[in-house]
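If you want the building blocks of each chain, they are given just below.
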Amino acid sequence: MMTSSVKHKDRTLNSNTGFTMVEFLVSVVVLSIGLIGLAGMQLTSLRDNSRAYMRSQASILASDLADRVRANPTTNYTVVTAAQKSSCLTAPGCSASEMAQHDLYEWNAKLPIELNNSAGLICTDSTPNDGANAGSADCDGLGNNFVIKIWWQDESTNVDGSVPAPQRYIMSFRR
């Protein structure tokens, strides 16, 4: 006769199954550090996008004034004072000098709308890259190139919390 033997497995609890509390807390800490890094990258990206937008606006404003100067070749925009001339908006029109005054008036009105704490000017300058701020434009009046200089203050702060230096955009062109 054949005897069969039935083997029974020991049913003991295995203590190494699943996460322990320490493993869980370590994974939460690692995940938290990653999310903080991701938030820092997002903040840097937003700040840099804002600065790029402001630089683009300065470029558009400089191109706008350059186009106005090219469209009115008989007037020297560097000696004209900005003034609103409503006659330039009517059908009879205005003189070339009045148009230059009105162009500068409209351009100067757009600056603070598009750029924070901004200032700008047009001049002739043989060394266009000087002039750290609007108070020291350093236009020497020499040369054949017109130079449009625009300064503005960036809204965002640096990573260390300090306020960045005023930004500057320079466009040099010939009529």
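Residues numbered from 1 in each chain as written. Predicted model: local features only at pLDDT ≥ 70, side-chain atom pairs only at ≥ 80, totals over all residues. Heavy atoms only, no water.

## Some words on the state of the cysteines
Okay, so step 1: Per the stated rule, a full pass over the model turns up two disulfides.
Okay, so step 2: Paired by a disulfide, Cys88 and Cys94 hold their sulfur atoms 2.0 Å apart. Disulfide Cys88-Cys94: the torsion about the S-S bond is 105°, which places it as right-handed.
Okay, so step 3: At a sulfur-sulfur separation of 2.1 Å, the disulfide partner of Cys123 is Cys139. Torsion about the S-S bond of the Cys123 and Cys139 cystine: about -60°, corresponding to left-handed handedness. Of this pair, Cys123 sits in strand β1 (residues 119–124) while Cys139 sits in the loop between β1 and β2 (146–152); the two residues are 16 residues apart in sequence, bridging distant segments of the chain.
Okay, so step 4: Cys139 sits in the partly exposed class, given a relative accessible area of 30%.
Okay, so step 5: Taken in sequence order, the bonded cysteines of the protein chain link in the pattern 1-2, 3-4. (Disulfide = S-S within 2.5 Å. Helix = DSSP H or I, 4+ residues; strand = E, 2+ residues; numbered from the N terminus. Buried < 20%, exposed > 50% of the residue type's maximum accessible area, 1.4 Å probe, protein only.)

## Side note on the confidence of the model for the protein chain
Okay, so step 1: The share of residues in the protein chain with pLDDT of 70 or more is 85%, and the mean pLDDT across the chain is 85.
Okay, so step 2: Ranking the elements of the protein chain by mean pLDDT puts β1 last with 91 and helix α2 (residues 96–114) first with 94. (pLDDT = per-residue confidence, 0-100.)

## Here's the deal with α2
Residues separated by three or four positions in an α-helix point in the same direction, a consequence of the helix having 3.6 residues per turn.
Okay, so step 1: Helix length check: α2 (19 residues) gives 27 Å between terminal C-alpha atoms against 27 Å at 1.5 Å per residue, within 8%.
Okay, so step 2: Regarding α2, the residues found buried are Ala100, Gln101, His102, Asp103, Leu104, Trp107 and Leu111.
Okay, so step 3: The inward-facing, buried residues of α2 abut α1 (21–71), β1 and β2. (Expected span 1.5 Å × (residues − 1). Contact = heavy atoms within 4.5 Å.)

## Some remarks on the pairing of β2
Okay, so step 1: Burial of β2 is extensive: seven of the seven residues sit out of reach of the surface.
Okay, so step 2: Where burial is concerned, the two faces of β2 agree: the one with Phe146, Ile148, Ile150 and Trp152 and the one with Val147, Lys149 and Trp151 are both buried.
Okay, so step 3: Relative to β2, β1 runs antiparallel, the two sharing six bridges. Across the sheet, residue Leu121 finds its bridge partner in β2, namely Lys149. (Pairing = 2+ DSSP bridges.)

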